[in-house]
Amino acid sequence: MLRLAPFAFVIALFLTALGRDVFDDWVRNTELPNLLPDTSVEVRDRDNALLRAYTVEDGRWRLNVTPDEVDAGFVEMLIAYEDKRFLTHSGVDGRAVLRAAKQALIESKIVSGASTLTMQVARLLEQSGTGAWYGKLRQIRVALRLEQVLSKDEILRLYLILAPYGGNIEGVRAASLSYFGKEPKRLTAAQAALLVALPQAPEGRRPDLNLKAAIKARQVVLDRLIETGSVSEEEAQTGHLEPVSKQKRLFPAYAPHLSDRVRAEKPEQSVHRLTLSQALQGRAEVLAASSVRGKAENLSIAMILADHQSGEILAHVGSAGYSDDEGRQGFIDMTRALRSPGSTLKPLVYGLAFDQGLAHPATIINDRPVAFGSYAPQNFDGAFRGELRVDEALRLSLNIPVVLLTEELGPARLMLGLKNAGVRAKVPGDAPGLAVALGGVGTSLEDLVQLYAGLAKSGQKEILNWDLGSNKNEEQRFLSATSAWQVSHILAGLAPPAGAAQMRLAYKTGTSYGHRDAWAIGFDGRYVAGVWIGRPDGTPVPGAFGGELAAPILFELVGLASDEAVPLPPPPPETLLLETAELPQPLQRFKGRRAVFEAPPDAPKMAFPPDGARLALSDAGLVVKVRDGRPPFTWLANGAPILLSVQARHAQLPLFEQGFVQLSVIDSEGRAARATIRID
C-alpha cells in the first residue's frame, strides 16, 4: 500500500487539476446577460446639473452613474455592510458561504446570506429570483464570469445603476434624487445608510410607504457599521436623529419643450449638454407661470433669455406649464410657433434705411395720411403726428413712417435683411408687400430674439444656440455697425414700462392684428431676451398690448440674469451724431423717389386759418375753410378726428381751449393739408 501512495497522490492531483479545468471551462463558457443596461436619457445644463431625465422601459427611473460620482462614504458603507471582501474575492466569498452554512446547521434555519455584490449584480442583470437552488447556482456562475471580464469598479457601477429602491426607482442616483432631492455625490451618514438598507427589501422599507420600517432599517445599518469602523458612534447617533421625509421628490423637469426637441433631434445620444442655466431656467419658469396666472382664459407665454456675446441661450420657456391645465395647451412650444410679429420688425426697417442713406435718426419725416394703391396704412391709434424726427417715429412705433421707408427700400430688401439676420420668415403667398413692416409675416420668438441679438452685436448675424460647446455663428453682417448702434440707441431711449425695474434696455414692443400676440424684445450690453403672450390657437386676446402685457415681464426676465443692465457700447467712430439742421441737405427731410408728400395741384389746401395764425378764443368755436380737394372732408385737431364726412368746404370746429393746435383736413382720397395755430 505504501508503494501505491505516490501513485494515488498523483492521480488525486490529476483529478483535481482536471476538475479545475472543467470548472474553469464551465465558468468561461457562461453566457452572460447584457452588460449595458438601458439608462435614462438625461438633459443637463451648462454646469452639468440635471435639467430633465426620461424613464426607460416600463416607466422606470434608472440613471447612469459611476462610483466616483457617488459619495465615497456611501460606497465604503455599502461594501462594509453587504460584502466586506468584495475587493478581494473572485465573485463568491467562500468564507461567507461557510459561515452561512454553519449558522444554518446550528440554528436549523437560514440566519445570514452569502450573496456577494457580484452575485447581486448577476441577479439584477438577469432579473432572476433568489429562492431556488438552481437560480443561486446560476448567479454563482454568472458572478464568477463577471469577475473575469469586468473590473471591480465596473461591477460596482452596475450595482449602483441597477439596485432596486422601491416602485419604479432603480439605482442610487434615482433613489437619491427621489428620496432626498439631490445627487448622491454628497450624502450624510444617515442618507447613505438608508440607501444601503433599501435594496434588501425595497418595497417593505420605502419611506413613502413604510416610514417606520425605513427608519429602523437605517438604524440597523448605522449600528452595525459602528463595529466595522465605517461609522463613528457620533455619526450614528446624529444619523438616528436625522428626519426622513415621507414625501418622494419629483424628478427635475426643467425646459421640457427644449429637452424633448434635443432628444428628438439626437435620439442616439444618452446625455445632452445644454447652454441653459438650471437656476435661471427654474426662475424663468416660475416667472412665466406667475405672469399668466389670473389673466385671460387659455393665455400662454413663451420666453427666451440669451447671452448675445456668446450666442448661448440661458433660459428657454415654451409655455406657462407643460400640460393642458386650464386649456392653455402648454405642451405646444410657442418659442417656435409662427406668429405675426407686430411692430417688432420696425427696428430692422429703420436700420436698413439708415444703411441705404434714405434717412438718419434726425431726419424729418411726415406722419400723415397716405395711400399706396388700395393699401392705406393707419397708425395704431388712428391719429397722425405730422412732421417729426425719424428717431421719434420709431420710439412712438408709428406705422406710416415705417411703411414709407419700406416702400422706398422695397419689401424684397426687407425680406433679404431678415434672411441675412438668420430669421426664418414666412409670407402668405410668398409675395411680400408693404404690410411686412407692420407684422404681415410669420416668424417665431426664437427668430425675433436672434434678430435682436444681431442688433446688439453691431449688426453681426448671431445664431443663438443651446448645444453646449457648439459654435454656429457665421461671419455675416446684415446691418452696418453704425446703423445697428443708431437703432439700439433709439430703442434705449424708451422709458421702462410702468412698474418695471428702472434699468436701461434697448427694447421694442409689438401687438399683432386683432390683439392675437403681445411681444416685447430687448437687450442690454450682454443679454438679449424676448417675451410672447397670446393664445396658442390664435384667437384674439382683447386688450392685450405688448407694451402693457409683455414689456414688464421682459424687464423681469433680464433682471433674473443681472440686477443692473449691462451698459450698451459707445457709438462707432464713423457715426454721424448731428442735429437735423447739421445733416447733409438730402438727409434733413425724407422724400422718397415717388415723392408721396408732394401735393398735387388739386390737393386740399388750408384756406383758413393759415399756418402760424394766432386767433382769439371764441364761444362759437373755430371757423375753418378748405379749398381744392374732393369732399367729403375729415377735420382733425392734434391728430384726433373732430368732424367726419363734411361735404361743405367750411366748418365750425368745437375748440374751446387755449394753446397750440395742429389742424388737419383730409379729403375723400386721403390727401391732407395742415396748419399749426395758436388760440389765445
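Residues numbered from 1 in each chain as written. Predicted model: local features only at pLDDT ≥ 70, side-chain atom pairs only at ≥ 80, totals over all residues. Heavy atoms only, no water.

Asks: How would you explain unusual backbone geometry if you had to name every residue and give the values?
Replies: Cis geometry is found at the peptide bond from F608 to P609, where omega equals -5 degrees. By the secondary structure assignment, P609 is in the loop between β13 (605-608) and β14 (614-615). Residue P632 follows P631 across a cis peptide bond; omega there is 5 degrees. Tracing the backbone through its elements, the reader meets P632 in the loop between β15 (622-627) and β16 (633-637). Despite not being glycine, A255 has its phi angle at roughly 45 degrees, a positive value. Take A255: its relative accessible area is 1%, and that puts it in the buried class. Here S458, not a glycine, exhibits a phi torsion of approximately 60 degrees, which is positive. (Helix = DSSP H or I, 4+ residues; strand = E, 2+ residues; numbered from the N terminus. Buried < 20%, exposed > 50% of the residue type's maximum accessible area, 1.4 Å probe, protein only.)

Asks: Describe the sheet that holds β15, listing the residues and the values that go with them.
Replies: Pairing is antiparallel across the open sheet formed by three strands, whose spatial order is β13-β15-β18. The open sheet terminates on both sides in strands that have one partner only, identified here as β13 and β18 (650-653). Across this sheet, the average inter-strand angle for adjacent strands is 35 degrees, counted without regard to direction. (Pairing = 2+ DSSP bridges. Axes fitted to C-alpha atoms, helices over the stretch in contact; angles between N-to-C directions.)

Asks: Lay out the environment of N366 in plain terms, naming residues and giving numbers.
Replies: Position of N366 among the secondary structure elements: in strand β8 (residues 364-367). The spacing of N366 and V528 is 162 residues in sequence and 32 Å in space, taken between C-alpha atoms.

Asks: Give me the lowdown on the packing of helix α2 (residues 72-82) against helix α9 (residues 211-228), citing residues and values where you can.
Replies: In a packed pair of helices, the relevant descriptors are the angle between the two axes and the axis-to-axis distance. Running from N to C, α2 and α9 point in directions that differ by 85 degrees, and their axes come no closer than 10 Å. Here α2 is positioned roughly perpendicular relative to α9, judged by the angle of their axes. Residue-level inspection shows M77, A80 and Y81 of α2 in contact with α9, the latter providing V220, V221, L222, R224, L225 and T228. The residue makeup of the contact of α2 with α9, split by class, is seven nonpolar, one polar and one charged. (Parallel < 35°, antiparallel > 145°, perpendicular 65-115°, else oblique. Contact = heavy atoms within 4.5 Å. Nonpolar A, V, L, I, M, F, W, Y, C, P; charged D, E, K, R; others polar.)

Asks: Could you give an account of the nonpolar core, with specific residues and numbers?
Replies: Formed by 75 residues in total, the largest nonpolar core has its most connected members in L274, L348, Y350, L405, L445, L451 and Y452. Sequence-distant contacts of L445, that is, excluding residues within four places in its chain, are made with A302, M303, I304, M334, T335, W519, I521, G530, V531 and W532. I169, V172, A175 and A217 belong to the second-largest nonpolar core, a separate cluster that totals 55 residues. (Core = buried A, V, L, I, M, F, W, Y, C linked by side-chain atoms within 4.5 Å.)

Asks: So, the side chain of H272: which residues are in play, and what are the values?
Replies: Structurally, H272 can be placed in strand β5 (residues 271-273). By relative accessible area, which is 3% here, H272 ends up buried. Discounting residues that sit within four places of it in the chain, H272 has contacts with V41, E42, V43, R44, V262, R263 and K266.

Asks: Let's hear about helix α7 (residues 172-180): which residues, and what values?
Replies: Most of α7 sits inside the fold, with nine of its nine residues counted as buried. Positioned one or two residues after α7, G181 has a phi angle of 70 degrees, which is positive.

Asks: Outline the pattern of salt bridges, supporting the account with residue identities and numerical values.
Replies: Throughout the structure, instances matching the rule amount to 34 salt bridges. Where E42 meets R173, a salt bridge forms, and the shortest distance between an N and an O atom there is 2.7 Å. With E42 in strand β1 (residues 42-44) and R173 in helix α7, the pair connects residues that are 131 residues apart, well separated along the chain. In this structure, E265 engages R261 in a salt bridge whose closest nitrogen and oxygen atoms are separated by 3.7 Å. Taken together, the residues span about one helical turn, with E265 and R261 both in helix α11 (residues 256-265) at a distance of four residues. (Salt bridge = Lys/Arg side-chain N within 4 Å of Asp/Glu carboxyl O.)

Asks: An account of the packing of helix α13 (residues 346-355) against helix α16 (residues 411-420) is requested, with residue identities and associated values reported.
Replies: Taken N-terminus to C-terminus, the directions of α13 and α16 make an angle of 105 degrees; their axes are 10 Å apart at the nearest point. Judged by the inter-axis angle, α13 sits roughly perpendicular to α16. Here L348, V349 and L352 of α13 come into contact with α16, specifically with R413, L414, G417 and L418. Residue classes in the contact of α13 with α16 are distributed as five nonpolar, one polar and one charged.

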